Structures are given as C-alpha cells and as structure tokens.
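Here are the chains, one letter per residue:
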Amino acid sequence: MMTDLGHRMIALLPLLVTIMGALPGDASSQTLTVPRFEIEPSPIELSGPVRPGEYLGVTGPRSAWLGLETGEAELWVHPLKVGSGFRLGFSTPSYGSPIPGEQLARSVQVRPEITTITYSHAAFQVRQHILAPADVPGLLVLLEVDSPEPLEVVAEFEPVLNYMWPGSIGGQYAYWDAGRRVFVLSESLQMQNAVVGSPWAVNSVEHPAHQLGEAPRTMVIPVDPERARREFIPIAVAGGTMPREEVFDSYERMISNARSLYDARRAWADSVLATTVSIESPDPGLDLALEWAKINLEEQRVCNPDLGCGFVAGWGLSGNGTRPGFGWFFGGDAAINTFAMDALGQWELVAEELAFLARYQREDGKITHEISQAAARVPWFDVYPYAYYHADTTPYWMVALYEYWRASGDDELLRELWPAYRRAWAWCLTAETDGDGIIENTVGGLGAVEVGGLGAALHQDIYLAGVWVAALEGTRALAERMGDAEIAGRAREIAPRARVTLDDAYWLEGAGHHAFGILADGSTNDNLTVWPATAAAFGLFDAARARSTLTHLASDRVSSDWGAHMLSTESDLYHPLQYNMGTVWPFVTGYVAWGQYRYRRPWAGFHLMDAVKQMTFDWSLGRHPELLSGSFYQPLDQTVPHQFFATAMLATPLLRGVLGWEPDAPLGRARLAPQLPPDWPEVTVRRLRAGGTSTDVEIRQRWTAAGGERRTTLTTTGPPLTFNFVPDVPAGAVDVTIRVNGVDTEPSPDGSVEVTPGAATPPDTAARPDEGAEIVVRWTGGLTVGPPRVDLHPGQRSTGLRILDFAADPAGWTLSVEGTAGRTYDISLFGTPVASSVTSGSARVSDSGPGVVRVWFAEGEARAAATIRLMPRM
C-alpha cells in the first residue's frame, strides 16, 4: 500500500517536471524558425470587416480552431479540447498598457487552406494566419508582423485538456517548459497530452503546476522588427491521446514544415475545386457559393485516432462545456450530405463514410445515429442512449449506398458492404409490425422530430416513411445486382404496398395536403409540415397530390423568404424559436426546393435554393447555419454556425433540381432535366460524372414574342453514356420541335429524348465526334413565369412574393400568387404577350412594361393570396 509520502511525491511530480523543464540545455526551440513565404490569394477567397460575435472556424481532419472574427478561439485536437479563450494582445513602447486584440481586429480573409485575421493599429499591423494541417494533430498560427518599433505580442489561453462530450479526464495540470518555450498540458497518467507554445516566447505567467487553475496562461513574445520582416512568428498547438514525446514531435514538425503544410492545404483546395462540379451562371454569387459548398463538404471529414475517419455534423463553440456544435459523427446527416456529394463527384469520401457507418452497425443491423468523438473512452454504445435512437438513419444509409452506386457504378464497394446492407434490411423489417409496408417510429425510434408536441402519440411520421420507401425502391435494384433473389423478391412485394400507404394513408382530401403522421390510435396528425417534401424530393407521390401538397408548402406559412419552417406558422404548435416547431432549417429548405423541381414547379423552388446561397455570405463567411428564427432572417443564438447538411442543401437542389442531374452509371445512362430560370440566357456546368464518364453541359436559351429556343450542348469524356434528356417547354407551347445533332427527333410519351454523344442518329447519319452532342428545342407560343428573387438582409421579416401555382389551359394561363398586404410586386413573364386580370383575392394587377405584370395586394391581413388570369393579347 502506498504511504502518504508516496502520494505527496506523485502530487509533486508535475512541479519537479516544471523545474527540470526550466533548466538550460534544451536548445530545440532555438532552431525552430519559419521564413516568410507568400500567402497567396484564393480564387474563392471571402473577406470583409470584422463583425463582433460572428463565428470564424478553421478546421481540418485532425483539429479545429473554433472562434470569432475578433480573434478569440477554442483549440481542439481530436478528440481533445486543449484550451479555450485563446486571444492575442499587443504592447508597444508608444502606449502604456497592453491592447486587447479584439479591439484591433479589423478584417478577415477566409480561404479554404488558411484564414487570416488582420489587427491594425497606428503603430503596427499584425496578420494572424490560421492553419489546420491535414496530417498532423495540431493547429498552427503564423503571425506576420509589420512594426517599425519593437513590439510585444501577448498570447493567452485557458487550459482545458478534456475529452469531447460526454467524456471526461481528471487530474489535469499545466506547466511552462522554458527550454521548449511551450505550455505542457497533461494528466496524472500522462496518456493525454498537449502543448501550446512558440519558439519566440521568452516567459510566461506561472500558476501552480499541480492544477489548471482558473486564470489564463500567458506567453510573452518580444518582436524584433528586423527579424519579423524575414520570419513568421509561429504559435503551435499539438496534442492527442499519445505519449508526450510524440506530441512534442508534432509541435516541432508543424513549425519546421510550416511552408509544406500550407502548400499541402493549398494543393488540397485546388484539387477539390478543379476535379468536382462547377457552374458558370449569370449569378456569380451562386457560382462562388457552390465552390464553398464543395470545400465545406470535404471539411466534414474528421479522423479520430480511436474511431477512424468519418463525417461530423457541424462546428460551433462549446463555451464552458465540451460540445463543439455537433462536432461528432452523425449517420443521418452524413447520408443526406452524400446526395450532394454524389452529384458533385466527391465519391472517394462518400465511399469511406458508408464503410465507416457500416463498421459501427449494431449487431441487429441498425445503423448508428451519432458517435461521440470520445466514444472509445466512455461506454457510448452500451450505456448512453444516443447511438441508435433514430429510426431514419438505417434506411437513410441504404438510400445513400444506392445513390452512390448509381452515380459511381462502384460494384466493389457494393459487394463489400452487402452483408451490412442485408443486416440493415433485416432490422428495417423488424420495425414494420402492422402490415402496411412502412416502418414505425414506435418500434424503430425517432424520425422527423426529437422534441416538442408534434411528436405526441406518434406511430409513424411521413419523413421516416418517405426515406424508407426510397430505400425500398433502391433495394430491389441493389439486390438484383448482387444476385440476391430473396431480398429482391421481398422488396418487389413490399414496395408497392408501402408506396400506396405513403400516398393514401397520409393524404388529407379536405385539406389538400399530406399529413405529418399516423398516430397510435390510427388517426392522423393533420399539421401542415415541411416533412412531406422529403418524399416529394424522391418522387414518391402521385403527381396531382404532390402538386397540391407542394402548393401548400410554397406558401409563406412554410416557405419564408429565407427558407422553410418545419411547421406551418398557422399551427397551434408553432413557435418561431422552437427547435422542431417553427424555426427555419436550410436542410429541410433544400428538400422543399428539390421537391418543387422534381414535380416541375421551378418558380416555387428557386428562391429557396437561392436563400441558402445567400447564407454563404451573410453569416459565418463560406458557412451555413443549422437553423434560423422563424420570424426574422437571423440565426438563433444557440444555433450551430457551421452545419454541413445545411451546406449540402445548396448543392443538392441546384444539381438535382435546377439542372435535373440523375446519373445511373450501372446502366450507362444519365437523366438531364434542366429547369433554368427563364432570365438566364446561358449556363455552363462542368464535370458532371456518371461512372467513368465526365460531361460538360452548356445551355443557351432565348425568348421571342412568337416563341423561343433552347440549345443544349453535351461534351463527354470517357465511356459512352446515354442521356435521357427532358426538355423544359413553356406551359401552353405548341409546334415543339426537338433536333438532336441536326436531326428531328420524336420524344417518348414522357416528353424525353435519348441522346448518346458520339452515336449516329439515325443510323444512316454520319457519326459526330465522340465528345459531343447538341440538342435544340424550339417552340411557338407558351408562357413561363420567372421565379421571384428575394434580396435578403439580416434581421428582415418575410415579405416576399410567392408563386403558389401556374398552369396552362386551352384558353390561357392561371397564376396563383401570395404576398404581403399593402405591397406591390413585379412578376416577370417570358413568352406570349398576355393581358392580366384578377379572378379571386384582394389584389389589383397592371402591366409594367413588356413581360412584366405588377400585382398590388390590398391592405388587410399580413399575407394575402390572389389568382390572376393571363390571356394572350389579341
């Protein structure tokens, strides 16, 4: 048994280490220098003045700088929170007292590879470059100092050294190692270690070495102006669940290899931008936002030393705790994001993620909902309730594998994961107990909502039902590919029954929309919610019912100026600040937009996709918030500011909706059904991939009083690919002709034509070059409505115009609109010149120039609807 003296000696060990660390003899810090190199501009760089309180994150696979634009930050090296409250201060002989950095932070420059905060003062300027290396567990700050006089930089932080939620470490301590010029953070067993330091630092404010204390640790860095002109001042953070010497090695490698680490991150960013889908549209902001979406979706990948590499859900500050937003692994979020990544061509990451989730599949086949980054250090899967408490994650994983396989044609991964798929399939069948073909929340777990009254007495919700029916649609194809007759047969049997249940049991004939859920007593929860949009996005509803539901979802009571509420503003359960009961989520906004496009209603979907685009620039630069207020265009205080499934729902409705891209690589086919805004004269999309084939698409369109023309050019490289091309013809158009490579082509009954670039059409026509095909669609007459544009401003209320419905009949067109009482809106029309009149609603219309109808809503209730009749001018 250890004596009291032995216990006291162990308690004194950290202090002895401190004393020994202060002895001379360690000269390693003297050789750690970083010669200055150029921080090159990024082609997608975002910059602006510092906004106090606005999130600023720099993340990599192994670390995260989670901070604010004013310079304060938390320091994370996965799975550890190393410190919080990191900040800089400055002292110069010309001023008597140190100046806090947050008072001098003037501008930020956000790049994929490195982010810069500029501190500006009358006597000096400091640029703080922040880098999260890809392959080293740490963070690197490079200070670029411009000062004619000597300057002191004061760096401080509060040591934490704790696991991410819900893990915990005891016995932490911190001390200053004067030889290495670093703070060493450790715990009694020295199994978790971190260092924070700079080879330029000369002293620090000391604290008792056997405890962390509450005061921040401080390094003083004297700046010689002449040396600073030649060198960066490095501050490095290294850490991990590894021996201390390995942490020291990581620290020194980051500083010694600063240039190569920067170059590697720059090369990574350049590769992402150059090898995935890009767009050149009339809206440069949209083009730029898509480039940032690609970077964000790459950044969700985190490599945990205990668990492997997978997708986390989002990042934000943890404050006094250890929950950094949703900076741990989420299965459902990841599946949703893969729909965007499949279309963008980020297949390697998708394949890795699908395998990662299969690795943590429960024995009965259920796919994990979430995995803490501290899961290897706590009984996460056995004791904590969160790992498997969602039902939707399992069919989502199944849909994600199917969609990945359709995009890539990767039979090898399908074979590798088929045993896991069979187990997932078997688990889903255990969650269907009432014979209607739909898996149940009561058996399987949560789906659409986690909190609030909307989920009361719920048996099934339409969100879970839609994801499951989509999984059934894919299961048959996958099972046939794998030669699994048993599962293919069961899927063929169950799928029709489940689809009927989805469309019939949830349909509310009187209300004209699908219900939210089926309750335990067999009745329905009739609330109008955003959740039917998921099934609509997958194309699972009867067309007429889908259009009716989507008309309801197009109203401002669901589709605000900045996105979709989860619950109608007219519901008794609605609250604009409640998580599941009224806030606006970009992730469900994307489903509504995608669903509107799926059922050929682009004028109701475009502004939703465009709102997610605008968020790229209005809040944390290049990022998207998890959710926003239902009343104002403003993220909630507690929202996660960097949420990846919010970002995905820019790319998904843009590529799968506006462009109508749907690859089917195993069959050597792809569907292309573009629905461009009519005021876009042209658009070019590069590197759409289906299997080994890459396609560039160029579309040009023009309008005349008599009709119009749309030219689509396909340029492919790789194996032959047959396109199912769906022309977008204005409502009521006549004399429609389609020419493929100069040859008149009759469409199939669904209006599409088949095109194989490089193939002769018809057989007696000379073959075109392998890389090209041109489709020219012309028409006479017809009319198209331009989608409303909403110029968002932080803090505004929702006041914009909505197009609820638009349809042609033999005599003309009917346009249903909604707006704010007392306001006037201009509606753009393309095609046949028309005369307009109001047939219902408190509104007036008038012509406002060629192709524009002006509608004025009478004073009255906050929102009003009107039906406008449009007739050809005689």
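Residues numbered from 1 in each chain as written. Predicted model: local features only at pLDDT ≥ 70, side-chain atom pairs only at ≥ 80, totals over all residues. Heavy atoms only, no water.

**Things to note about the sheet that holds strand β40 (residues 753-755)**
Piece 1. Spatially, β32-β33-β37-β40 is the arrangement adopted by the four strands of the open sheet, whose pairing is mixed. Of all the strands in the sheet, the pair left with one neighbour each is β32 (661-664) and β40. With strand direction ignored, the average angle separating the axes of adjacent strands in the sheet is 20 degrees.
Piece 2. Strand direction decides the pairing type here: strand β33 (residues 669-672) and strand β37 (residues 722-725), joined by four bridges, are parallel. Bridged to Leu672 within β37 is Phe725. (Pairing = 2+ DSSP bridges. Helix = DSSP H or I, 4+ residues; strand = E, 2+ residues; numbered from the N terminus. Axes fitted to C-alpha atoms, helices over the stretch in contact; angles between N-to-C directions.)

**Overview of the confidence of the model for the protein chain**
Piece 1. In this model, the protein chain carries a mean pLDDT of 94, and residues with pLDDT of at least 70 account for 95%.
Piece 2. In this model, residues 1-27 is a region of pLDDT below 50 whose contacts with residues beyond four sequence positions or in other chains number 18 contacts.
Piece 3. Predicted confidence is poor over residues 760-769, with pLDDT under 50, and the contacts of this stretch with residues over four places away or in other chains come to 10 contacts. (pLDDT = per-residue confidence, 0-100. Contact = heavy atoms within 4.5 Å.)

**Looking at the packing of aromatic side chains**
The geometry of two aromatic rings is summed up by the distance between their centres and the angle between their planes.
Piece 1. Throughout the structure, instances matching the rule amount to 47 aromatic pairs.
Piece 2. Members of the aromatic cluster, connected to one another through ring pairs, are Phe339, Tyr396, Tyr463, Trp531, Phe538, Tyr579, Trp585, Phe587, Tyr591, Trp594 and Phe645.
Piece 3. Stacked on the ring of Tyr388, the Lys or Arg Arg362 has its end atom at 5.1 Å from the ring centre.
Piece 4. Here the basic side chain of Arg689 rests over the ring of Trp347, its NZ or CZ set 3.8 Å away from the ring centre. (Phe/Tyr/Trp six-rings, centres within 6.5 Å; stacked < 30°, edge-to-face > 60°. Lys NZ or Arg CZ within 6 Å of the ring centre and 35° of its normal.)

**Considerations on the environment of Arg127**
Piece 1. By the secondary structure assignment, Arg127 is in strand β10 (residues 124-131).
Piece 2. Residues Arg127 and Gly657 lie 530 residues apart in sequence; the distance between their C-alpha atoms is 42 Å.
Piece 3. If near-sequence neighbours (up to four positions away) are discounted, Arg127 is found in contact with Thr116, Ile117, Thr118, Leu142, Leu143 and Glu144.
Piece 4. Within the structure, Arg127 has its side chain in polar contact with the side chain of Gln125 (distance 3.0 Å). (Polar contact = N/O pair within 3.5 Å; in protein donor to acceptor, adjacent residues only side chain to side chain.)

**Topic: the sheet that holds strand β24 (residues 458-461)**
Piece 1. Spatial ordering of the open sheet is given by β24-β27-β28, a layout of three strands whose pairing is antiparallel. Either end of the sheet is taken by a strand with one partner, and the two such strands are β24 and β28 (524-525).

**Some thoughts on unusual backbone geometry**
Piece 1. Omega for the peptide link from His78 to Pro79 comes to 10 degrees, which places this bond in the cis form.
Piece 2. Position of Pro79 relative to the elements: it lies in the loop between β5 (73-77) and β6 (80-91).
Piece 3. With an omega of 0 degrees, the peptide bond between Trp165 and Pro166 qualifies as cis.
Piece 4. At Leu161, a residue that is not glycine, the phi angle is positive and equals roughly 45 degrees.

**A short note on the pattern of salt bridges**
Piece 1. Counting across every chain of the model gives 57 salt bridges.
Piece 2. Taking the shortest distance from any N to any O, the salt bridge between Asp556 and Arg802 comes out at 2.9 Å. With Asp556 in the loop between α14 (543-554) and β29 (559-560) and Arg802 in strand β42 (residues 802-809), this pair connects stretches of sequence that are 246 residues apart.
Piece 3. Between Arg557 and Glu570 there is a salt bridge, and its shortest N-O distance comes to 3.2 Å. Within this pair, whereas Arg557 is found in the loop between α14 and β29, its partner Glu570 is found in the loop between β30 (563-564) and α15 (586-598), the two being separated by 13 residues in sequence.
Piece 4. Linked through salt bridges whose partners overlap, the residues forming this network are Asp556, Asp561, Arg802, Glu818 and Arg863. (Salt bridge = Lys/Arg side-chain N within 4 Å of Asp/Glu carboxyl O.)

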